Amino acid sequence: MKPAAQRLRFGVVGLGRLGKRHAENLAYRVPGALLAAACSPLADELAWARDALPEPRLYDDYADLLADPHVDAVWLVTPSSLHAQQIVDALRAGKHVFCEKPLSLDVAECERVLAEAARYPHLRAMIGFMRRFDPSYKDAFDKIAAGRIGRPFLVRSQTTDQNDTDGFFVRFAATSGGIFLDCTVHDIDVARWLLGKPRATRVFAAGAVALHEGLREFGDVDNGVAICEFEGGKLAMFYASRTQAHGNDTHSEVIGTAGALAIGHNPRANRVEIYDATGIRNECTPNFFDRFEDAFLHEARAFVAAVQGGAVRGGVVQDEAVQGEAAQAGATLADALEATRIGVALRESLRSGQAVTL
Ligand SMILES: NC(=O)c1ccc[n+]([C@@H]2O[C@H](COP(=O)([O-])OP(=O)(O)OC[C@H]3O[C@@H](n4cnc5c(N)ncnc54)[C@H](O)[C@@H]3O)[C@@H](O)[C@H]2O)c1
């Protein structure tokens with residue numbers, strides 16, 4: 001661990017389902033980081049922070065955390081509908097900023113963030129497409145770059161959650177942007193990353209409410225499928241679900257002219273196989289954090305490296321000029337904008353029943 005004086009001082013904002021996990025990573029598992037402050041409007045989340053974290057300064061108002069001169073960078077794990085404005089506020093306060101995906105639920109808001117970030121080139125801004133930091137996804141990327149499957153032209157990718165009977169997904173729908181902007185946005189980013197950043201030209205989406213009737217009021221579904229066409233004859237197929245019985249089953253496949261790669265097809269929790277009268281099976285990762293625990297950690301370490309080391313290998317950068325090296329590790333703000341653009345088009349297609357041209 002570096003001495004405290006050399007560590008990047010973070011303020012984590014939002015201490016819900018994922019914020020608590022990020023806060024613990026920054027506090028205990030990222031050598032160059034110091035968790036200096038935490039913010040939540042909810043008293044019970046601040047009480048959790050008091051018990052679980054190493055004495056960060058606690059704020060119930062984001063503006064107060066931004067005014068803290070002993071915070072170098074903010075780490076936003078707040079509802080998606082708040083991201084864009086909170087990123088802009090962080091940059092204006094002179095803070096580096098990490099923000100969970102998606103960048104925004106609105107394309108114009110994404111553009112506003114990119115324009116604002118360009119005014120602060122000395123500050124890092126990164127969006128949490130952590131799948132790029134998962135060792136298996138990274139290995140697939142490297143194999144594609146080495147030409148192992150020829151020219152990749154098709155990605156088939158899914159993000160599916162275990163069914164949650166307590167209604168979390170219905171409450172979450174008010175600010176999530178719907179299943180395509182919340183779940184499929186990861187698969188969109190993976191597809192663009194593995195296919196060499198092609199531009200999307202047309203999408204078609206369809207969906208069903210299999211279990212969670214409460215989603216209808218938000219125009220959302222609990223199962224969605226989509227096709228995305230890219231220029232240059234590249235394609236992607238997506239599936240998202242909130243109703244899986246067996247666990248969080250997030251996997252991808254990339255098909256090339258000389259082979260294919262499957263990434264995480266069996267969402268196994270560990271390497272134990274159970275042999276019994278029903279056959280042979282393994283237990284599955286119950287939720288996204290169990291599946292991507294390592295990826296979240298690598299992502300945080302890469303962010304610290306990027307801030308402390310400039311545009312370095314493993315770092316994540318906001319400008320296209322240095323993205324050649326960093327593209328293998330993290331998404332740029334421009335990538336995050338494209339993911340929202342495609343996600344918004346999928347939502348529009350779901351609602352209209354028509355293909356959407358981009
Ligand atoms: N990378 C991934 O795979 C992944 C997985 C889950 C969630 N996420 C993203 O993380 C974000 C949070 O998701 P979650 O599941 O933790 O949601 P959540 O509802 O459990 O937590 C949201 C948190 O934001 C806080 N909050 C609300 N308004 C605030 C404000 N004005 N200022 C400060 N804090 C505020 C809430 O108190 C809560 O702590 C979302 O954007 C979601 O898309 C990403």
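The model shown is predicted, which means the values in this text are computed figures rather than measured ones.

Two orientations exist for strands paired in a sheet by backbone hydrogen bonds: parallel and antiparallel. In space, the six strands of this open sheet follow the order β3-β2-β1-β4-β5-β6, with parallel pairing throughout. Two strands close off the open sheet at either side, each with one partner strand: β3 (57-59) and β6 (125-128). On average, adjacent strands in this sheet sit at an angle of 25° to one another, irrespective of strand direction. Examined bridge by bridge, strand β2 (residues 33-39) and β3 share three bridges and lie parallel to one another.

Glancing now at the UniProt feature "domain: GFO/IDH/MocA-like oxidoreductase" (unreviewed entry) in the protein. Mapped onto this numbering, the UniProt entry annotates "domain: GFO/IDH/MocA-like oxidoreductase" (unreviewed entry) at residues 142-261. Overall, residues 142-261 shows 24% helix and 40% strand. The separation of its end C-alpha atoms is 11 Å.

One pass over the structure, following the stated rule, counts 11 aromatic pairs. Between F10 and F303, the aromatic rings sit 6.0 Å apart at their centres with planes inclined by 50°, giving tilted as the arrangement. Residue F10 is found in strand β1 (residues 8-13), and its partner F303 is found in helix α9 (residues 288-309); the two are separated by 293 residues along the sequence. No difference in accessibility class separates F10 from F303, as the two residues are buried. Look at F141 and W193: their rings are 4.7 Å apart centre to centre, the planes differ by 10°, and that puts the pair in the stacked class. Of this pair, F141 sits in helix α6 (residues 135-145) while W193 sits in helix α8 (residues 179-194); the two residues are 52 residues apart in sequence, bridging distant segments of the chain. Here F141 matches W193 in class, with each residue buried. Aromatic rings pair up to connect F10, W75, F98 and F303 into one cluster. Of note, K20 hangs over the ring of W48, and the distance from its end group to the ring centre comes to 5.6 Å.

With five bridges connecting them, strand β11 (residues 251-256) and strand β12 (residues 259-263) associate as antiparallel partners. Each residue of the ladder has a partner; that of V254, found in β12, is L261. Counting the residues between successive antiparallel strands, the hairpin from β11 to β12 contains two residues.

Here we take up the UniProt feature "domain: Gfo/Idh/MocA-like oxidoreductase N-terminal" (unreviewed entry) in the protein. The feature "domain: Gfo/Idh/MocA-like oxidoreductase N-terminal" (unreviewed entry), as given by UniProt, occupies residues 8-120 in the numbering adopted here. Secondary structure across residues 8-120 divides into 42% helix and 22% strand, with the first and last C-alpha atoms of the span separated by 18 Å.

In this section: the side chain of R291. The residue R291 is located in helix α9 in this model. In this structure R291 comes out as buried when scored by relative accessible area, which is 17%.

Here the focus is the site of the ligand. L15, R17, E45, S80 and H83 are the nearest of the 26 residues found near the ligand. The contact in question runs from a nitrogen atom of the ligand to an N or O atom on the side chain of E100, over 3.0 Å. Coverage of the ligand by the protein amounts to 85% of the 850 Å² it exposes when considered alone. Here the residues of the shell around the ligand sort into 12 nonpolar, nine polar and five charged. Two domains each donate at least three residues to the shell around the ligand, and these are domain 1 (4-130 + 293-332) and domain 2 (132-292 + 339-357).

Each value, and the rule that gives it
All residue numbers here refer to positions counted from 1 along the written sequence of the relevant chain. Local features in a predicted model are, by the rule used here, given only for residues with pLDDT of at least 70; side-chain atom pairs are given and counted only at 80 or more, and totals for whole chains, interfaces and linings are based on all residues. With hydrogens and water stripped out, all remaining heavy atoms of the structure feed into the side-chain values. The criterion for strand pairing is that DSSP finds at least two bridges linking the strands in question. Each helix corresponds to a stretch of at least 4 residues labelled H or I by DSSP, and each strand to a stretch of at least 2 residues labelled E; elements are numbered beginning at the N terminus. Note on method: axes are straight lines fitted to C-alpha atoms, helices fitted across the in-contact stretch only, with angles between N-to-C directions ranging 0 to 180 degrees. UniProt positions are given in the numbering used here, feature names are shortened, and annotations may be inferred rather than shown by experiment. Centres within 6.5 Å are what make two rings of Phe, Tyr or Trp a pair, Trp counting through its six-membered ring; a difference in plane orientation under 30 degrees is then read as stacked, over 60 as edge-to-face, and the rest as tilted. Exposure is judged per residue with a 1.4 Å probe applied to protein chains only, and the accessible area is read against the type maximum: over 50% gives exposed, under 20% gives buried, and values in between give partly exposed. Placement of a positive charge over a ring is assigned whenever Lys NZ or Arg CZ falls within 6 Å of the ring centre and within 35 degrees of the normal to the ring plane. Working definition: residue near molecule or strand if any one of its non-hydrogen atoms lies within 4 Å of it. Any N or O atom pair separated by 3.5 Å or less is treated as a polar contact, with the protein-specific requirement of one donor-capable and one acceptor-capable atom, and with residues adjacent in sequence counted only for side-chain atom pairs. In these tables, accessible area is a Shrake-Rupley quantity obtained with a 1.4 Å probe, and a residue counts as shielded only by the protein chains included in the view. The nonpolar class holds Ala, Val, Leu, Ile, Met, Phe, Trp, Tyr, Cys and Pro. Asp, Glu, Lys and Arg form the charged class, and all remaining residues, Gly among them, are polar. Domain start and stop positions are those given by an automatic or database domain assignment.

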